Amino acid sequence: MDSLIKDKKKKPSVEMYHWKAALEKTKKEVEEYKNKYLRALADYQNLEKRVVDQRDNQRNNIIQELIVKLLPLLDHMEKAEIFSKDKGLILAKNQFIKVIRGFGIKEIDVLGKEFNPQLAEAIDMVKGEKDNLVTEVLRKGYLYEDRILRVAQVKVSKKAN
Amino acid sequence: MSKIIGIDLGTTNSCVAVMEGGKPKIIYSQEGRNVIPSVVDPIKRIVGDVAKRQMVINPKNTIFSIKRLMGRRFSDESVKNDIKWLPYKIKSGRDGMAVVDVDGKTFTPQEISAMVLQKIKSDAEAYLGEKVEKAVITVPAYFDDSQRQATKQAGEITGLEVVTIINEPTASALAYGLDKQHAHTIAVYDLGGGTFDITVLELNKNFFVVKATNGDTHLGGDDFDKVILEYLADLFKKENGIDLRHDAQALQRLRDAAEKAKIELSSSMEADINLPFITVRDNQPLHLVTKLTRAKLELLVGHLIKKTFDPVKACLKDAKVDISKIDEVVLVGGMTRMPKVIEEVKKFFGKEPNRSVNPDEVVAAGAAVQAGIISGDYNKDILLIDVTPLTLGVETLGGVMTPLIPRNTAIPTGKTEIFSTAADSQTQVEIHVLQGERPMARDNKSLGRFILSGIPPAPRGVPQVEVSFDLDTSGILTATAKDKATGKAQSIKITGSTGLTKEEIENMKAEAEKHKADDKKEKEKIEARNKADNMIYVSEKSLKDAGAKVPKDLKEEIEKKIKTLKESLEKGTGEEIEEKTKDLSDSLQKIGQNMYQEQAQPGEKKEQTPKEEKKKGDKVEEGEVVN
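Being a predicted model, the structure only gives us computed values, none of them experimental.

1. Notes on the overall build of chain B
- A count of helical and extended segments in chain B gives 14 helices and 30 strands.
- Out of the 627 residues in chain B, the part that is buried amounts to 41%.
- Intrachain contacts of chain B at a sequence separation of at least 6 include 66% that bridge at least 24 residues.

In structure tokens, the structure reads:
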């Protein structure tokens with residue numbers, strides 16, 4: 001009876017090796033998923049904050065968007081006034097200005113001041129006595145409650161060199 | 001752990017994005033724009049839109065298109081060419097590299113770009129609410145080692161660790177997830193503000209390799225704007241004898257109007273150009289009022305678009321790739337929004353190009369994806385199917401498709417709805433799973449079908465069969481039907497329910513649009529029929545149940561109306577059927593009225609079909625009759 005018997009000692013340790021490896025792998029996976037979850041949660045919370053901010057700002061954003069599109073109307077009425085002293089036109093223009101003022105829109109004061117690219121865009125350079133002064137406003141700029149709604153377009157002086 | 005941002009440091013404009021919720025999100029600047037102009041005044045230290053506004057009065061100090069000099073030697077051919085038209089001073093610096101001289105101070109292109117990156121960094125930090133320390137920056141595919149090093153240095157000067165530099169076309173491909181779709185060969189057509197680049201990429205295991213690249217470094221959206229401007233100015237000159245190009249303000253307005261018209265014509269067939277008080281003659285104001293049609297625009301810029309295809313052909317030749325071997329085409333750059341450009345690209349390559357991602361943002365989005373891969377935010381093993389492209393549903397009585405999961409629903413997702421049987425004593429229902437947008441089942445794609453049997457016999461509409469669709473992240477749809485009474489359930493698993501090609505999806509959508517009106521009519525007709533059927537059933541049942549309680553003349557009236565309704569079901573029009581159904585319904589109601597008038601019998605309810613009641617969220621529909 002030369003029978004073989006299984007070596008009971010070896011088997012458990014081989015198995016345990018496999019189990020240990022599987023455990024390590026699972027631990028790693030868990031760590032990975034935990035990180036991904038935390039990151040996703042953080043992204044979500046950031047999104048929540050942003051959505052609330054956006055919602056709160058929505059009214060302002062819509063007003064800005066609308067008025068900026070209407071401003072060319074005012075630009076053209078002001079240009080028309082140069083050529084036509086029609087009383088009705090001037091009344092209409094003033095009414096328009098009153099309405100937008102009611103929404104917190106203010107004209108940016110740049111004429112005669114030092115050129116500031118935060119407030120205005122230089123369209124042309126003209127010769128002048130001083131450097132960097134706004135000599136002419138080609139298109140008015142407006143603020144909406146301290147924010148720049150639309151920059152002005154101006155001519156800037158440069159000393160003849 | 002702080003996020004890695006992805007930066008598209010462009011010649012004309014730059015853009016930045018970051019991975020959020022597994023997707024690239026464009027970070028808006030503090031001025032509220034999705035891009036910032038790559039323009040710098042290094043003495044005043046202003047960047048972007050603000051720097052651009054003073055370009056006219058400070059031409060020598062306002063540095064733009066610095067990317068053209070990045071990492072190049074002063075002696076390079078391209079530098080010599082660019083010096084001819086760039087208004088600022090360029091000279092030879094350390095090691096013969098090209099540098100700019102502003103008011104006597106020397107700045108390397110890296111230092112100039114670093115100022116742009118600095119603004120991007122602070123805008124990103126404002127958006128994310130945390131410090132940003134790492135970035136992925138993109139460069140053109142043709143950038144050599146010196147140019148790539150210089151780009152990396154620019155990041156380092158800003159205090160950013162440039163985790164990696166990737167090619168712009170590669171970034172675009174990543175933005176579309178083409179690496180996950182195993183598209184083998186990709187053509188990236190990039191028509192930006194000032195440059196045109198064409199690149200052929202090959203997907204090698206998990207990486208994109210540039211096979212060839214070509215382009216035109218002085219062809220872009222600016223050239224298109226210029227053509228329109230010239231056209232308008234010439235038009236005005238012909239009509240009024242004045243050249244608006246000589247007036248700085250008129251020129252500016254023309255430029256803005258040209259760009260605006262160009263953009264408008266990408267979505268409209270005609271654009272109004274309206275410039276009141278554009279100039280003055282003899283103390284009288286002149287106005288420029290005209291229309292520009294899409295057809296005219298295409299005529300004006302046609303030669304520019306054609307010009308792009310010579311480099312494309314050369315690129316394919318270099319890559320030794322035949323047009324037919326291109327698996328995917330990607331469009332990058334704002335100018336690719338133009339319908340004519342899309343059309344020509346489609347014609348040339350013979351396939352629909354990828355353009356669903358904003359072409360101004362796609363490179364930055366791809367850089368963010370790369371950043372995500374590096375930081376582990378992006379799982380490459382998951383198939384890139386974020387949404388189900390077509391509606392999924394089941395077939396219901398009359399051959400109608402009843403949707404369960406609408407198209408563009410983010411996956412994984414699931415939906416459960418209650419259905420019922422269409423006939424009395426119906427003991428099984430067939431669940432026919434469909435995919436598509438048409439209202440009729442036969443016009444949609446059949447994904448599979450199975451039968452749930454063993455439903456206890458009951459009047460039609462009484463059994464409650466719960467049908468659930470479960471769509472997992474891999475796009476595998478499991479459809480289950482369960483009889484709520486017995487608990488018996490049956491299900492099938494459908495793989496590849498989102499495995500349609502882009503073309504197939506677009507075709508299905510287009511077909512649905514085309515047939516919308518007809519389909520609607522047909523569906524309404526079927527619904528009218530179903531309603532009529534139901535009304536007949538209810539009427540016959542009511543008569544039977546009420547028995548002697550119905551006065552003879554009313555019974556005859558109802559029976560007659562049942563007969564005429566059955567007739568119109570055979571050969572009547574949709575309107576007739578609806579009309580007769582209402583007729584019958586009106587008569588039917590008299591039964592109840594009658595019964596209440598005669599005597600109030602407790603427990604005798606007006607025969608209201610349980611099917612007609614629509615509980616909130618619980619829509620009881622008929623299942624298909626299966627024999």
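There's plenty left to go through after this.
2. A short note on the overall build of chain A
- If you tally the helices and strands in chain A, you get two helices and six strands.
- Going residue by residue from the N terminus, the α and β elements of chain A occur as α-α-β-β-β-β-β-β.
- Relative to its 161 residues, chain A shows a buried fraction of 14%.
- Nonlocal contacts in chain A, meaning residues at least 24 apart in sequence, comprise 56% of its contacts between residues at least 6 apart.

3. A look at unusual backbone geometry
- Within the chain, Asp146(A) stands out as a residue other than glycine whose phi angle is a positive 75 degrees.
- Looking at the secondary structure, you find Asp146(A) in the loop between strand S4 (142–144) and strand S5 (147–150).
- Of note in this structure, Arg45(B) is not a glycine but carries a positive phi near 55 degrees.
- The topology assignment puts Arg45(B) in the loop between strand S5 (39–41) and strand S6 (46–47).

4. What about the packing of helix H5 (residues 168–175) of chain B against helix H10 (residues 362–375) of chain B?
All names here are of chain B.
- For the pair H5 and H10, the least separation of the axes is 7 Å and the interaxial angle reads 80 degrees. One element, H5, and the other, H10, form an angle in the roughly perpendicular class. Within the contact between the two elements, H5 uses Glu168, Ala171, Ser172, Ala173, Leu174 and Ala175 and H10 uses Val362, Val363, Ala365, Gly366, Ala367, Val369 and Gln370.
- Residues that form the contact of H5 with H10 fall into these classes: nine nonpolar, three polar and one charged.

5. With respect to the interface of chain A and chain B
- Listed per partner, the contact involves 22 residues of chain A and 15 residues of chain B.
- Put simply, the parts of the chain that give the side of chain A that touches chain B at least two residues each are helix H1 (10–83), strand S2 (120–128) and strand S6 (152–159) of chain A.
- Of all the elements, H1(A) adds the most residues to the side of chain A that touches chain B, at nine residues.
- A per-class count over the side of chain A that touches chain B returns 13 nonpolar, three polar and six charged.

6. A short note on the confidence of the model for chain B
Residue and element names in this part refer to chain B.
- Overall, the prediction assigns chain B a mean pLDDT of 87, with 92% of residues at 70 or greater.
- By mean pLDDT, the top-scoring element of chain B is S5 (97), and the lowest-scoring one is strand S30 (residues 624–625) (34).
- With pLDDT under 50 throughout, residues 381–385 is counted as low confidence; its partners more than four residues away or in other chains account for 10 contacts.
- A low-confidence stretch, residues 603–627 stays under pLDDT 50, and its non-local contacts, those more than four residues away or across chains, total 51 contacts.
- Interface confidence in the predicted complex, given as ipTM, is 0.77; pTM for the same model is 0.66.

7. Side note on the packing of helix H13 (residues 552–571) of chain B against helix H14 (residues 574–598) of chain B
Residue and element names in this part refer to chain B.
- Interaxial distance between H13 and H14 falls to 9 Å at its minimum, and their mutual angle equals 160 degrees. By the angle between their directions, the pair H13 and H14 is classed as roughly antiparallel. Two packed elements cross with a definite hand, and for H13 against H14 that hand is left-handed. Judged by residue contacts, Leu554, Glu557, Ile558, Lys561, Ile562, Thr564, Leu565, Ser568 and Leu569 of H13 engage Glu576, Ile577, Lys580, Thr581, Asp583, Leu584, Ser587, Leu588, Lys590, Ile591 and Asn594 from H14.
- In terms of residue class, the contact of H13 with H14 is built from nine nonpolar, five polar and six charged.

8. Topic: the nonpolar core
- Formed by 113 residues in total, the largest nonpolar core has its most connected members in Ile5(B), Ile7(B), Ala17(B), Ala364(B), Ala367(B) and Ala368(B).
- Those residues in contact with Ala364(B), other than ones at most four positions away along the chain, are Gly6(B), Ile7(B), Asp8(B), Cys15(B), Val16(B), Ala17(B) and Ile26(B).

9. Re H5(B)
Residues and elements named next belong to chain B.
- Buried residues dominate H5, accounting for eight of its eight residues.
- Taken residue by residue, H5 has Glu168, Pro169, Thr170, Ala171, Ser172, Ala173, Leu174 and Ala175 as its buried positions.
- Positive phi appears at glycine 177, one or two residues downstream of H5, with a value of about 65 degrees.

10. What about the sheet that holds strand S1 (residues 105–107) of chain A?
Residues and elements named next belong to chain A.
- Spatial ordering of the open sheet is given by S1-S4-S5, a layout of three strands whose pairing is antiparallel. Each edge of the sheet is formed by a strand with only one pairing partner; in this case those strands are S1 and S5. Direction aside, neighbouring strands of the sheet carry axes that sit 40 degrees apart on average.
- Where S1 lies against S4, three bridges are found, and the strand directions are antiparallel.

11. Topic: the pairing of strand S11 (residues 134–139) of chain B
Residues and elements named next belong to chain B.
- In terms of residue burial, S11 counts as a mostly covered element, since five of its six residues are buried.
- Sheet analysis places strand S1 (residues 4–9) next to S11, joined by five bridges and oriented parallel. Bridge pairing in S11 places isoleucine 5 opposite alanine 135.
- As paired elements, S11 and strand S12 (residues 161–167) share six bridges and run parallel to each other. Bridging across to S12, valine 136 finds its partner in threonine 164.

12. Comments concerning the environment of Val329(B)
All names here are of chain B.
- Structurally, valine 329 is set in strand S18 (residues 328–332).
- Between the alpha carbons of valine 329 and asparagine 354 there is a distance of 6.0 Å; along the sequence they are 25 residues apart.
- Every residue in contact with valine 329, bar those within four places of it in the chain, is listed here: Ala187, Tyr189, Val345, Phe349, Lys351, Pro353 and Asn354.

13. Brief notes about the environment of Asp145(B)
Residue and element names in this part refer to chain B.
- For aspartate 145, the location among the structural elements is in helix H4 (residues 145–158).
- The class for aspartate 145 is exposed, based on 8 C-beta atoms found within 10 Å.
- Each C-alpha atom of the pair aspartate 145 and glycine 71 lies 8.4 Å from the other, and the pair is 74 residues apart in sequence.

14. As for the sheet that holds S18(B)
Residues and elements named next belong to chain B.
- If you walk across this open sheet you meet the four strands as S15-S14-S13-S18, and the pairing is mixed. The open sheet terminates on both sides in strands that have one partner only, identified here as strand S15 (207–216) and S18. When the angles between neighbouring strand axes are averaged without regard to direction, this sheet yields 20 degrees.
- Looking at chain direction, strand S13 (residues 185–191) and strand S14 (residues 196–204) are connected through seven bridges and run antiparallel.

15. A look at the environment of Pro339(B)
- Along the chain, Pro339(B) falls in helix H9 (residues 339–349).
- The sequence separation of Pro339(B) and Ser267(B) amounts to 72 residues, and the corresponding C-alpha distance is 8.2 Å.

Reading guide: rules and limits
Residues numbered from 1 in each chain as written. Chains lettered and ligands numbered in written order. Predicted model: local features only at pLDDT ≥ 70, side-chain atom pairs only at ≥ 80, totals over all residues. Helix = DSSP H or I, 4+ residues; strand = E, 2+ residues; numbered from the N terminus. Buried ≥ 20, exposed ≤ 12 C-beta atoms within 10 Å, placed from the backbone. Contact = placed C-beta atoms within 7 Å. Axes fitted to C-alpha atoms, helices over the stretch in contact; angles between N-to-C directions. Parallel < 35°, antiparallel > 145°, perpendicular 65-115°, else oblique. Nonpolar A, V, L, I, M, F, W, Y, C, P; charged D, E, K, R; others polar. pLDDT = per-residue confidence, 0-100. Left-handed = near helix turned anticlockwise from the far one by under 90°. Core = buried A, V, L, I, M, F, W, Y, C linked by C-beta atoms within 7 Å. Pairing = 2+ DSSP bridges.

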